[in-house]
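# Coordinate inspection notes
So the chains spell out like this:
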Amino acid sequence: MLPDTFAENGDLVNEAQDSKRASKAEMDDFERFALIVNGPALFNAIVTAIDLDLFRFLEESPGRQMSEIAESLEVEPSKLRVLLFAICATGLVKKRGEGYSNSALASDFFAKAGQDSWSRILPGWRALYYPAFAHLTNSVKESRNAALDAYPGSEDTLYARLQRDNVAEALLHDAMSAFTLRSLPSLLQKMDLGGCRRLLDLGGGDGTTALALVEMYPELQVTLVDLPSVAERARDVNDHERIEVLSGDAFALTFDEEFDAVLCSHFLEVFSPTQILSILSGVRHALRNNGRIYIYGFDPNDQETRGVFSARLALYLTTLATGNGMTYPAGDYETWLIESGFVDVSSSRGLPYEHGLTQGVKVDSLG
């Protein structure tokens, strides 16, 4: 048996360790808080750096000093000093001595000119998403997407009103397309379309996903349905011999057991539960017996306490896009699929960018 003094010392050590862990947790909370409350300013600094091609310049010419950067980007050195300070504070640019270089993340996310670059995503967020968040209080108190007032028209959703604004609509879909490419590999890996001949891509946007699917499955025919102005943006993929693009309303589908599979990628989250059940009824009618539905999108945890990407999109939907939907956990989709008569319902969760894939099978009662 240990002497009492040893036991007392052990208790003191445990208390010290507990105190240290508590202090670290409090520090982590404060650092998270500091990043959040300063985030709007730092976010805009990042997009300004994108506008000025700062990341591209540093990728091609790492280690350049401030005077050299200012001359190349044609900006006043004192203003560049402020911008570089902000970007260095985010960790996206590193300063060694008097030279500046991209971090590894900045090189991957911003310096490359790929179609999935965050340089295509964030300008759309700045123009459309972030101004809307100032209207969150009114949206919550008035139970409507109050930020929609800034866009001309009488329609209930941003997507319908943007049919009048080609510039804003292009910004939105450019950002959505690039983010789709970021999250697309997980969908292609988890969704098995072997043996599938016809797929309905509901709310398929500009056709980014449809094009990837037909390239992966040589026998697959895809029918993409979206709003008229969005379907027009898919005209490039419409030229593909195995992709058909149609203008249509998800609440008025007229397909009759024509498809082996239906994909709802980043689509159902914009609607209320009642609306989703209505859409699922039409989807079930469009599927052949043993046809499968796939629902892909953001997937917060079941307690709805984690998922910053998911939370941001939920706020955007509430304040601006539709005023109805949110980023629902996979469990909600599973419940709605079962209520709609689907069987073999399951979900793949924990995919990159807080994504999940939920699926179910249509089986005719007499089949």
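Scroll up for the structure.
Below: a short report on this structure. Bear in mind the structure is a predicted one, so any value in this text is a computation, not a measurement. (Residues numbered from 1 in each chain as written. Predicted model: local features only at pLDDT ≥ 70, side-chain atom pairs only at ≥ 80, totals over all residues. Heavy atoms only, no water.)

### Structural notes on the overall build of the protein
Scanning the protein from terminus to terminus reveals 15 helices and nine strands. When burial is assessed residue by residue, the protein has 44% of its 367 residues classed as buried. Once local pairs closer than 6 in sequence are excluded, the contacts in the protein between residues at least 24 apart make up 65%. With the model as given, the accessible surface of the protein reaches about 18900 Å², and the carbon-plus-sulfur share is 52%. If the 32 positive side-chain charges of the protein are averaged to one point and the 53 negative ones to another, these points end up 4 Å apart. (Helix = DSSP H or I, 4+ residues; strand = E, 2+ residues; numbered from the N terminus. Buried < 20%, exposed > 50% of the residue type's maximum accessible area, 1.4 Å probe, protein only. Contact = heavy atoms within 4.5 Å. Areas by Shrake-Rupley, 256 points an atom, 1.4 Å probe, with all protein chains shown as cover. Lys, Arg positive; Asp, Glu negative; His and termini not counted. Charge placed at Lys NZ, Arg CZ, Asp CG, Glu CD.)

### Let's talk about the pattern of salt bridges
Within the structure shown, the criterion is met by 15 salt bridges. With its nearest N and O atoms 2.8 Å apart, the salt bridge here joins D51 to R126. You can see D51 sitting in helix α1 (residues 4-51) and its partner R126 sitting in helix α6 (residues 118-132), a full 75 residues away along the chain. Classification of D51 as partly exposed rests on a relative accessible area of 46%. Where D302 meets R349, a salt bridge forms, and the shortest distance between an N and an O atom there is 2.9 Å. Of the two residues, D302 sits in the loop between β7 (287-298) and α14 (308-321) while R349 sits in strand β8 (residues 342-351), which places them 47 residues apart along the sequence. Residues joined by salt bridges that share partners form a network here, namely D53, R56 and E60. (Salt bridge = Lys/Arg side-chain N within 4 Å of Asp/Glu carboxyl O.)

### Things to note about the pairing of β7
When strand β6 (residues 259-265) meets β7, the two strands line up parallel, connected through six bridges. Looking at β7, one finds that S265 is bridged to Y296. A crossover connection joins β6 to the parallel β7 through helix α13 (residues 273-286); in handedness this β-α-β unit is right-handed. Two elements, β7 and strand β9 (residues 355-362), share seven bridges in a ladder whose sense is antiparallel. For I293, the partnering residue across the bridge sits in β9 and is G360. (Pairing = 2+ DSSP bridges. Right-handed = clockwise from strand over helix to strand, strands pointing away.)

### Details of the packing of aromatic side chains
For the structure shown, the criterion picks out 22 aromatic pairs. Between W118 and F309 the ring centres are 6.3 Å apart and the planes differ by 40°, which places this aromatic pair in the tilted class. Of this pair, W118 sits in helix α6 while F309 sits in helix α14, placing them 191 residues apart in sequence. Owing to a relative accessible area of 5%, W118 belongs among the buried residues under this scheme. The class for F309 is partly exposed, based on a relative accessible area of 24%. (Phe/Tyr/Trp six-rings, centres within 6.5 Å; stacked < 30°, edge-to-face > 60°.)

### Quick notes on the state of the cysteines
Following the criterion strictly, the structure yields zero disulfides and no others. C196 forms no disulfide, and the closest cysteine sulfur to it belongs to C264, at a distance of 14 Å. (Disulfide = S-S within 2.5 Å.)

### Focus: empty space enclosed by the protein
Rolled over the atoms, a probe sized like a water molecule indicates the empty space that remains. Applying the stated criterion across every chain, the model contains one cavity of 30 Å³ or more. Estimated volume of the largest cavity: approximately 40 Å³. I295, Y296, G297, F298, D299, Y328, A330, Y333, G356 and T358 together form the lining of the largest cavity. When residues of the lining of the largest cavity are traced back to their parent elements, those giving at least two are β7, α15 (330-339) and β9. Per-element tally for the lining of the largest cavity: the top contributor is β7, with four residues. (1 Å grid on protein atoms, 1.4 Å probe; cavity = no way out; pocket = protein on both sides within 12 Å on 5 of 7 lines; lining within 4 Å. Points joined across faces, edges and corners; volume = space filled by probe spheres on them.)

### Digging into helix α3 (residues 66-73)
Residues of α3 that are buried include every one of I69, A70 and L73, and no others. Along the long axis of α3, the arc covered by the buried residues comes to 100°, so they all point the same way. Exposed side chains of α3 directed beyond 90 degrees from the buried face belong to S67 and E71. Along its buried surface, α3 packs onto α2 (54-60), α4 (77-90) and β2 (99-102). Positive backbone phi, approximately 60°, marks E74, located one or two places after α3. (Arc of directions from axis to C-beta.)

### Considering the sheet that holds β6
Strand order in the open sheet made by the seven strands is β5-β4-β3-β6-β7-β9-β8, with mixed pairing throughout. Edge positions in the open sheet fall to β5 (243-247) and β8, since each of these has one partner strand only. Going across the sheet, the axis of each strand differs from the next one's by a mean of 15°, ignoring polarity. Running at roughly 170° to β8, α15 makes contact with β7, β8 and β9 of the sheet. (Axes fitted to C-alpha atoms, helices over the stretch in contact; angles between N-to-C directions.)

### Some thoughts on α14
If you check α14, its first and last C-alpha atoms are 18 Å apart, about what 14 residues at 1.5 Å a residue would give, namely 20 Å. Along α14, the positions that sit buried rather than exposed are S310, R312, L313, A314, Y316, L317, T319, L320 and A321. Summarising the contacts, the buried residues of α14 are in contact with α6, α7 (136-142), α8 (158-161), α9 (166-190) and β7. At the C-terminal side of α14, G323 shows a positive phi close to 75°. (Expected span 1.5 Å × (residues − 1).)

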